[in-house]
Amino acid sequence: MSQPTTQPILSMHGIEKRFGATQALKGISLTANAGETMALIGENGAGKSTLMKILSGAHSPDAGTMMLDGQVYRPRGPHEARKVGIAMIYQELSLAPDLSVEENIMLGQERSHFGFIQKSQHQLRVRHVLSLLGHADLNPERKVGSLSIGTQQIVEIARGLASDAKVMVFDEPTSSLAAHDVQELFRLIRRLQTQGLAIVYISHFLEEIREIAHRYVVLRDGKSAGDGLLQDISNRQIVSMMVGRNVDELFPKVPHSMGETVLDVSGLSGVPMPRSVSLKLRSGEVMGLFGLIGAGRTETLRHLMGLDGPSSGSVLIRGRQGRATPQARIRDGLGMVSEDRKGEGLSQSMSIVDNLTLSDLKPYSKLGLLNLTKRRKEADRWMKTLSIKARSPLQSVSQLSGGNQQKVAIARVLHQDATILLLDEPTRGIDVGTKAEIYQWVGELAAKGKSILFVSSYLPELMAVCDTIGVMAKGRLREVRPTHDWTQSELLSVAVSTD
Amino acid sequence: MTNTTEPDLTTPTTVNVSRFVRLLRSLGPLLALAIVVLGFAIADKIVGQGRFSEMRNVRVVLVLTAPVAVAALGMTLVIIAGGIDLSAGTAAMLCTTVLACSLNQGHSVTLAVLLTLGVGATCGLTNGLLIGMLRIPPFIVTLGTMTIFLGIAKRLAQGSTVFVERDRIPDWLSKLSSTMPPDWIGIYPNIANGVWLAILVAGLVAILLNQSVVGRQLFAIGSSESTARLCGVNILATKVLVYSIAGVLVGVAGIYTFSLVKMANPVEGIGRELKFIAAVVIGGGSLSGGHGSVLGTLAGATIMGVIASGCDQLGIQNSTQDIMIGAIIIAAVTLDQYRRRRREAA
């Protein structure tokens, strides 16, 4: 690790931001020093993106000051922020695939004379920044779309350098990278440090953060929950700061034991994913599925549920091979909570009672006609059981908070009395209180002998909730082990492994 | 975004308020109808001859509205399920043609009517199967079948209008859309049998929409097809069913049309589907699916009928009627969008 010089390039002080009734940021302060990497840590919805949008000029703060390189920094928009030296490297790369490397790097900062691009100046500049990054061999004429994701990221970083960035923000940059690309990225970041840039690094992989960053700031609910040097703090302490309570309170333990195999999958394959996935899920078992974005976890669940197809391989549910359609799967006891709550998980314009009962209307129907009163009462009961906050079961789902929406999605799977639950990122984008409730229910369901396949990218919850964890990479299920046989870094290294 | 202080939403007063608001919302199109009726009635009293409000005129308006309303009810189902049926106009006229031809052939009335409804159902079934199985957008499929149905009807009619001799038309069929009061009702509202039948059909469709399993599945498919799939709704079967029901209703509309004009000219069907769609949209239906109601559609169809009649009574040109109806369509949708956005912002 290069020795940091302690000279603040960027300081943000007392930043406040309000959206309507929601106070998104409440007096956040952070500094970034030249030659140093600052880790910005926090759960989804903690305020990281809002803070970075203020830094990049996409939002203006309601209160607070920002200083860049000793001057007051008050960008009027993203373009100005970029001009004075803020570069953002997003999770989803923002390159134009049909333009060349050179055109992408110079995009928005073209040197021109009377509207004509000065090609020779461009070439010089591009060659210069690529060699600064140690990639002088990259052909500037190649179309960006033909490059690997890792190389595309290099182009994105080069674009930041070409605009004379003083501060470079990396927003979850490794979530779609393979292992060697991650190492290459870290090499680049260290190079940037030696050039005197200040780096802000956003990630929730704590191992990664320890490898690359010096200092940290933890955000929670729009407030600063702690900051300091990484060497002075344990991972457990960081997680406590992120969730705002003791780790044991967040992850309540419900004792449960496992029985016989109820779901036996072998060689499940689809186009392009999953690739020959085999697993056995027992009754009373909570199995986690970990992996990077695009590792094929969601695809595996969708093929199991009969939502995507055609698939090959065999899926035995309690020893029976059923038809791979959602109707048949629901009859066989499967239930799925989608990761895409707004698009697929819930029908936003329909009411709570409609959403809750849609997958199983049988108990209320006689000759195809529904007993609406009975159905409403049942929905009322589920809303009480899961403490769903709403005016009435007839309220439309779109008016509920994220956490309450997720509860409705879970209530549906419970209402249809599924015995094998496929939960795809069930805690994404919801508040900590609801998360703790969901962990509790998962434990209780397992104690009742139900089986749960729990997909998540958030290691602390997987480690706390699951009996076994499987890791997927590139469409394959690489390895399944009991949770206590895994460490976070082992999980990560399997997740980023290549073929 | 995580710890917004949530207001207490469980107090009973808010429940009552929301119920009241919901009631008002469902009555919106009826309110618009009342305003249009009142407006014409007053205008007619002042500058017209006062015939607009006479019972005779009410009967005429309703009889002319019934075919549009019945077909529009089918269209309501299709639109709620996120689809559209551009072939409804020519399919309705194909049904009229089938009825006229089979009466001319000397078939029994029962057979002729069954044949007509069967052809309507087949048209719908074809649409549903093509949409569900080929996975082509309904707009394109029905754009194609619209022309196909027109072609079939033209062939049946041998390229001209099919006239049917009076003595071949059974009495009840003529009286279906009679503007004279039916003899079995002495008191008000003594409206034609066909209008009563249309009200009955509307009641059945309302039950289907609001109280049945299929109804819930329809709304689910229209609001979010992927959610419906996730919940195990059989998308193909439901779509085929919906288009088929809509087809039967188109067949009924075709029978109404025949009872009105006692002949069949296939070309008359061109563009008629737009009236059906307009009725649904004025009634609060959304072309992106998931919204629509029986009451709204009935009001929408009647508003168009009232405007036509009112303008006739006041001697307003036909061209002005067209402009008015067009403006009302745009106003209705604008109002609806505005309400919906406000509801989502709340």
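Since we're looking at a predicted model, the values are computed, not measured.

Here we take up the overall build of chain A. When helices and strands are tallied, chain A shows 18 helices and 24 strands. Over its C-alpha trace chain A gives a radius of gyration of 25 Å, about what one expects of a compact globule, namely 23 Å for 499 residues. The 499 residues of chain A split such that 56% are buried. The long-range share in chain A, meaning contacts at least 24 apart out of those at least 6 apart in sequence, stands at 66%. Seen as two clouds, the 59 positive and the 52 negative side-chain charges of chain A have centres 5 Å apart.

Below, the discussion takes up the overall build of chain B. A tally of regular secondary structure across chain B gives 13 helices and two strands. The C-alpha atoms of chain B give a radius of gyration of 21 Å, which matches the 20 Å a tight globule of 346 residues would have. Based on the C-alpha atoms only, the size of chain B along its principal axes is roughly 75 × 55 × 40 Å. Per-residue burial for chain B yields a buried fraction of 48% across its 346 residues. Counting only contacts in chain B whose residues sit at least 6 apart along the sequence, the fraction spanning at least 24 positions is 76%. In the structure as shown, chain B presents an accessible area of about 16,300 Å², 66% of it carried by carbon and sulfur atoms.

All names here are of chain A. For chain A, the domain assignment lists domain 1 (8-249) and domain 2 (250-495). The gap between the C-alpha centroids of domain 1 and domain 2 is 34 Å. Opposite the 17 residues of domain 1 that make contact, domain 2 presents 18 residues. Both faces combined, the contact of domain 1 with domain 2 buries some 1,600 Å², and carbon together with sulfur accounts for 59% of it. Three residues, Glu43, Phe205 and Glu207, lead the burial of domain 1 against domain 2; their summed loss comes to 30% of the area buried on that side. Viewed at the interface, domain 2 and domain 1 are joined by zero salt bridges. Across the contact surface, domain 1 and domain 2 share zero residue pairs in polar contact (both at pLDDT 80 or more). Each residue belonging to the side of domain 1 that touches domain 2 can be placed in one class, and the counts come to six nonpolar, six polar and five charged.

In this section: the pairing of strand β12 (residues 223-229) of chain A. All names here are of chain A. Bridge count for strand β11 (residues 215-220) against β12 is six bridges, and the pairing is antiparallel. Of the residues in β12, the one forming a bridge with Val218 is Gly226. A loop of two residues connects β11 with β12, the two strands running antiparallel in sequence, and Asp221 in this loop sits at a positive phi of about 50°.

All names here are of chain A. An order of β18-β21-β22-β15-β23-β24 is seen for the six strands of this open sheet, with the pairing classed as mixed. Every other strand in the sheet has two partners, leaving β18 (334-337) and β24 (476-482) as the edge strands with one partner each. Within the sheet, the average angular offset between the axes of one strand and its neighbour, ignoring direction, is 20°. Along the sheet, helix α15 (residues 402-415) contacts β18 and β21 (420-424); its crossing angle with β18, the most-contacted strand, is approximately 175°.

All names here are of chain B. In this model helix α7 (residues 193-211) runs 27 Å from its N-terminal to its C-terminal C-alpha over 19 residues, within 8% of the 27 Å that 1.5 Å per residue would give. What α7 keeps buried is the set Gly194, Val195, Ala198, Val201, Ala202, Val205 and Leu209. Taken end-on, α7 shows its buried residues confined to a sector of 115°, consistent with a single buried face. Set apart from the buried face of α7 by more than 90 degrees, the exposed residues are Leu200 and Leu204. Structurally, α7 contributes buried residues whose contacts are with α2 (55-80), α6 (171-176), α8 (213-223), α10 (235-261) and α12 (294-314).

Our focus in this paragraph is the packing of α2(B) against helix α11 (residues 272-282) of chain B. All names here are of chain B. Interaxial distance between α2 and α11 falls to 8 Å at its minimum, and their mutual angle equals 70°. Considering the angle they form, α2 stands roughly perpendicular to α11. As for the relative orientation of α2 and α11, their crossing is right-handed in sense. Each of Pro67, Val68, Ala71, Ala72, Met75, Thr76 and Ile79 in α2 lies in contact with α11, whose residues at this interface are Glu273, Lys275, Phe276, Ile277, Ala279 and Val280. Of the residues assigned to the contact of α2 with α11, the class counts are 10 nonpolar, one polar and two charged.

Considering the arrangement of structural elements, one finds Arg59(B) in helix α2. Beyond its immediate sequence surroundings of up to four residues, Arg59(B) is in contact with Thr179(B), Met180(B), Pro181(B), Asn190(B) and Ile191(B).

With that settled, the discussion passes to the packing of aromatic side chains. Residue and element names in this part refer to chain A. Counted according to the given criterion, the structure contains four aromatic pairs over all chains. Here Phe170 and Tyr201 contribute two aromatic rings whose centre-to-centre distance is 6.5 Å and whose plane-to-plane angle is 35°, an arrangement assigned as tilted. Linking Phe170 in strand β9 (residues 167-171) with Tyr201 in strand β10 (residues 198-202), this pair joins segments that are 31 residues apart in sequence. The same class applies to Phe170 as to Tyr201, namely buried. A ring pair is formed by Phe186 and Tyr201, whose centres lie 6.3 Å apart and whose planes are at 65°; its orientation type is edge-to-face. Highlighted residues: Phe186 in helix α6 (residues 179-194) and Tyr201 in strand β10, separated in sequence by 15 residues.

All names here are of chain A. Relative to the helices and strands, Leu400 resides in the loop between α14 (372-385) and α15. Overall, the relative accessible area of 8% leaves Leu400 in the buried class. Once the C-alpha coordinates of Leu400 and Leu147 are considered, the two residues, 253 residues apart in sequence, prove to be 42 Å apart. Among residues more than four places away in sequence, those in contact with Leu400 are Ile352, Lys389, Ala390, Gln395, Gln405 and Val408.

We now examine the interface of chain B and chain A. Contact residues are listed per partner, giving 34 residues for chain B and 44 residues for chain A. Our count for the chain B to chain A interface comes out at one salt bridge. Between Arg216(B) and Asp354(A) there is a salt bridge; the shortest N-O distance is 2.6 Å. Counting across the chain B and chain A interface gives 10 residue pairs in polar contact (both at pLDDT 80 or more). Breaking the side of chain B that touches chain A down by element, the ones donating at least two residues are α1 (12-47), α7, α8, α9 (225-230) and α13 (318-345) of chain B.

Our focus in this paragraph is the sheet that holds β10(A). Residue and element names in this part refer to chain A. Strand order across the open sheet formed by six strands is β6-β9-β10-β3-β11-β12, with mixed pairing between neighbours. Looking at which strands have only one partner, the edges of the open sheet turn out to be β6 (86-89) and β12. Between one strand and the next, the sheet's axes are offset by a mean angle of 20°, whatever the strand orientation. Sheet topology places strand β3 (residues 36-41) next to β10; five bridges connect them, and they run parallel.

So, about the packing of α8(B) against α10(B). Residues and elements named next belong to chain B. In contact at an axis separation of 10 Å, α8 and α10 are set at 105° when each is read in the N-to-C sense. With respect to each other, α8 and α10 are oriented roughly perpendicular. From α8, Val214, Gln217, Leu218 and Ile221 reach across to α10, where they touch Ile235, Thr238, Lys239, Leu241 and Val242. Per-class residue counts for the contact of α8 with α10 are six nonpolar, two polar and one charged.

What follows concerns the nonpolar core. Considering soluble globular proteins, one finds that nonpolar side chains tend to be buried as a cluster. In terms of nonpolar packing, the biggest core is built from 101 residues, with Ile105(A), Met168(A), Phe170(A), Phe290(A) and Phe454(A) touching the most fellow members. Element by element, the count of residues in this core is highest for helix α16 (residues 432-447) of chain A, at eight residues. Both of domain 1 (8-249) and domain 2 (250-495) of chain A provide at least three residues apiece to this core. Counting 46 residues, the second-largest nonpolar core is a separate cluster that includes Met350(A), Leu99(B), Val141(B) and Leu218(B).

All names here are of chain A. By the alternation rule, side chains of strand β14 (residues 277-282) split into Val277, Leu279 and Leu281, which are all buried, and Ser278, Lys280 and Arg282, of which none is buried. Relative to β14, strand β13 (residues 261-269) is paired through five bridges, and the arrangement is antiparallel. Bridge pairing links Thr261 to Arg282 in β14.

The rules behind each value
Residues numbered from 1 in each chain as written. Chains lettered and ligands numbered in written order. Predicted model: local features only at pLDDT ≥ 70, side-chain atom pairs only at ≥ 80, totals over all residues. Heavy atoms only, no water. Helix = DSSP H or I, 4+ residues; strand = E, 2+ residues; numbered from the N terminus. Rg over C-alpha atoms; globule rule 2.2 N^0.38 Å. Buried < 20%, exposed > 50% of the residue type's maximum accessible area, 1.4 Å probe, protein only. Contact = heavy atoms within 4.5 Å. Lys, Arg positive; Asp, Glu negative; His and termini not counted. Charge placed at Lys NZ, Arg CZ, Asp CG, Glu CD. Areas by Shrake-Rupley, 256 points an atom, 1.4 Å probe, with all protein chains shown as cover. Domains from an automatic or database assignment. Buried area = accessible area lost by both parts, 1.4 Å probe. Salt bridge = Lys/Arg side-chain N within 4 Å of Asp/Glu carboxyl O. Polar contact = N/O pair within 3.5 Å; in protein donor to acceptor, adjacent residues only side chain to side chain. Nonpolar A, V, L, I, M, F, W, Y, C, P; charged D, E, K, R; others polar. Pairing = 2+ DSSP bridges. Axes fitted to C-alpha atoms, helices over the stretch in contact; angles between N-to-C directions. Expected span 1.5 Å × (residues − 1). Arc of directions from axis to C-beta. Parallel < 35°, antiparallel > 145°, perpendicular 65-115°, else oblique. Left-handed = near helix turned anticlockwise from the far one by under 90°. Phe/Tyr/Trp six-rings, centres within 6.5 Å; stacked < 30°, edge-to-face > 60°. Core = buried A, V, L, I, M, F, W, Y, C linked by side-chain atoms within 4.5 Å.

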